[in-house]
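# Notes for the structure review
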Amino acid sequence: MDKIVSLCRRRGFIFPSSEIYGGLQSCWDYGPLGVELKRNVKEAWWQEMITRRDDTVGLDTSILMHPQVWQASGHVAGFSDPLVECKKCHLRYRADEVNSTVCPACGGELTEPHQFNLMFKTFMGPIEDDAAIVYLRPETAQGIFVNFQNVLNTTRKKLPFGIGQIGKSFRNEITTGNFIFRSREFEQMEMEFFVKPETADKWFEYWTKERLDFYRRIGLRPENLRLRPHEKAELAFYSRGTSDIEYYFPHGWAELEGIANRGSYDLEQHVRCSGKNFEYFDDETKEHYLPYIIEPSSGVDRTVLAALCDAYAEEPDKDEIRAVLHLHPRLAPFKVAVLPLSRKEPLTKLAREVHNTVRRLWRADYDDAQSIGRRYRRQDEIGTPFCITVDFQSLEDKQVTVRDRDTMNQIRIPIGEIENTLAAKLGGEAFASKELWYTAQ
Ligand code: ATP
């Protein structure tokens, strides 16, 4: 993990938030490369969960919601973790994480656990009293539930169908850490899939498999992914089944995504508390009922971390070791880098032309500083799948060298064929996995 954190900082993927003031614990800023990687993760999710499906639509709801939403959802009463505090050094822990009556840091006695609500509170408007309290949402799902009827009316979707959303969530976690794995401000990618109650088990199975496949399709190694069905005792009281997709992070197996069969709990609660009717009229059976909901809920930041950990490798390169990110091309911040061998004209002019061509299609870097070897190393370390080198010969034969990040093989191709060659190699979606993509090379 230290290597990943250091690479992220050094190359501009992720910085500690407010670093010049000593950082703000558990908050992170995505730098120029991090923001690209994160956007690619979200884009891959959106493509597969919304764009390419007939049975889903997207939504983008506000972070601040009516406080009654959180009463109805059960978050005000129950979204809490058991907190214990050391009577001697006053460090605080999640009781279920320490599993002991003494402080792991100083051996002091721990207090009895009390429930600590994880929602951030703030005030709406100029008066800071109880009536003005609003919460920063701890999940994006509630924005979807409260809009169920709006979406149904405006899209005329029929069951089964889903509503997906990507957005920020906030949780005042008692303990944070493992880099961006657990922070207090993070992003979620959630799908609420509404189904006929008797088909819920089937859809739960479907989404479990589909979501596991998603992580393989964006290049995570199958051996680093596993499904962990929850024990009965572990289930939230409304849940009829939950499975976690876990990734083998440097700190061990941990949750990447949770998939839950939530029954009709959420809609029932909003019907009860808002007095609005959320019943679905089934044209076929002429029945009115509340749909069941299958919820695959994933973390953007955890997926970014998993992708970085999975891709990172140190490999022999001539007499040295190169650090390389074997990111799937779909996720790579830059798909290609254009590297002129020298900064002299007319080489620069030609290299700029090549750059302008490729960047119409892909996020493309342009780098003319330092030796070509160092520039390859830099692109390897940030996961750029291909480098195009423009040299003096290029001025005469109108050809460039294309270097492959993973094999380090180089081929010479005419400038006019760059787009087609790269499209064939990068056509991300055509390659269901990193393995297939390699084979196609
Ligand atoms: P955990 O058990 O790790 O606290 P959770 O079961 O509370 O997670 P969910 O409520 O199921 O998490 O949230 C869905 C997803 O949102 C998680 O799988 C994770 O990817 C992401 N997520 C939740 N909490 C955090 C956090 N504090 N920091 C980063 N991502 C988070």
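Conventions used here
- Residues numbered from 1 in each chain as written.
- Predicted model: local features only at pLDDT ≥ 70, side-chain atom pairs only at ≥ 80, totals over all residues.
- Pairing = 2+ DSSP bridges.
- Helix = DSSP H or I, 4+ residues; strand = E, 2+ residues; numbered from the N terminus.
- Axes fitted to C-alpha atoms, helices over the stretch in contact; angles between N-to-C directions.
- Contact = placed C-beta atoms within 7 Å.
- pLDDT = per-residue confidence, 0-100.
- Near = placed C-beta within 6 Å.
- Nonpolar A, V, L, I, M, F, W, Y, C, P; charged D, E, K, R; others polar.
- Parallel < 35°, antiparallel > 145°, perpendicular 65-115°, else oblique.
- Left-handed = near helix turned anticlockwise from the far one by under 90°.

### Details of the sheet that holds strand 9 (residues 161–170)
With mixed pairing, the seven strands of this open sheet are ordered in space as 3-9-10-16-13-12-11. At either end of the open sheet lies a strand with only one pairing partner, and these are strand 3 (56–59) and strand 11 (225–229). Going from strand to strand, the sheet's axes swing by 25 degrees on average, the running direction of each strand aside. Bridge analysis of strand 10 (residues 185–195) against strand 16 (residues 292–299) gives six bridges, and the strand direction is antiparallel. Opposite Phe-194, over in strand 16, you have Ile-293 as the bridge partner. Its contacts with the sheet put helix 2 (residues 32–51) on strand 3, strand 9, strand 10 and strand 16, and the angle it makes with strand 9 is roughly 160 degrees.

### Points about the pairing of strand 9
Strand direction decides the pairing type here: strand 3 and strand 9, joined by four bridges, are parallel. Its bridge partner being in strand 9, Gly-58 is matched across the sheet by Gly-164. Where strand 9 and strand 10 come together, 10 bridges link them in antiparallel fashion. Note that in strand 10 the partner of Phe-161 across the bridge is Phe-194.

### Things to note about the environment of Leu-83
Its location among the elements puts Leu-83 in strand 4 (residues 80–85). Considered as a pair, Leu-83 and Asn-117 are 34 residues apart in the sequence and their alpha carbons are 9.5 Å apart.

### A word on the confidence of the model for the chain
Scored by pLDDT, the chain comes out at a mean of 93, with 97% of its residues at no less than 70. Low pLDDT (under 50) marks residues 429–441, which in the prediction has 15 contacts with non-local residues, meaning those over four places away or in another chain.

### Description of the site of the ligand
What surrounds the ligand is a group of 15 residues, the closest being Phe-186, Gly-258, Ser-297, Gly-299 and Arg-302. If you list the elements that add at least two residues to the shell around the ligand, you get strand 10, strand 13 (252–261), strand 16 and helix 10 (300–311). Broken down by element, the shell around the ligand gets its largest block of residues, four residues, from strand 13. Of the residues that constitute the shell around the ligand, the class distribution is two nonpolar, six polar and seven charged.

### What to know about the sheet that holds strand 20 (residues 364–366)
Across the sheet, which stays open at both edges, the five strands sit in the order 20-19-21-22-23 with mixed pairing between neighbours. Each of the sheet's edge strands pairs with one partner strand only, and the pair in question is strand 20 and strand 23 (410–414). Mean inter-strand twist for the sheet, computed between neighbouring axes without regard to direction, equals 25 degrees. Of the pairings in the sheet, the one linking strand 19 (residues 336–340) to strand 21 (residues 386–390) comprises five bridges and is parallel in character. Among the inter-strand pairings, Val-338 is bridged to a residue of strand 21, identified as Ile-388. Against the sheet, helix 14 (residues 418–426) contacts strand 19, strand 21, strand 22 (399–404) and strand 23, and its axis sits at roughly 165 degrees relative to strand 21.

### Here's the deal with the packing of helix 11 (residues 347–358) against helix 14
How two helices sit against one another is set out by the angle between their axes and by the gap between those axes. At their nearest, the axes of helix 11 and helix 14 sit 10 Å apart, and the two run at 45 degrees to each other. If you check the angle between helix 11 and helix 14, you find them oblique. Crossing angle aside, the handedness with which helix 11 passes helix 14 is right-handed. Contacts from Val-354, Thr-357 and Val-358 in helix 11 reach Ile-418, Glu-419 and Leu-422 in helix 14.

### Some points on the packing of helix 2 against helix 10
Where helix 2 contacts helix 10, the two axes come as close as 10 Å, and the packing angle between them is 110 degrees. When the interaxial angle is binned, helix 2 and helix 10 end up roughly perpendicular. Seen along the crossing, helix 2 lies across helix 10 with a hand that is right-handed. Together, Leu-37, Lys-38, Val-41 and Lys-42 of helix 2 and Val-300, Thr-303, Val-304 and Ala-307 of helix 10 make up the contact between the two elements. Among the residues making up the contact of helix 2 with helix 10, the classes are represented as five nonpolar, one polar and two charged.

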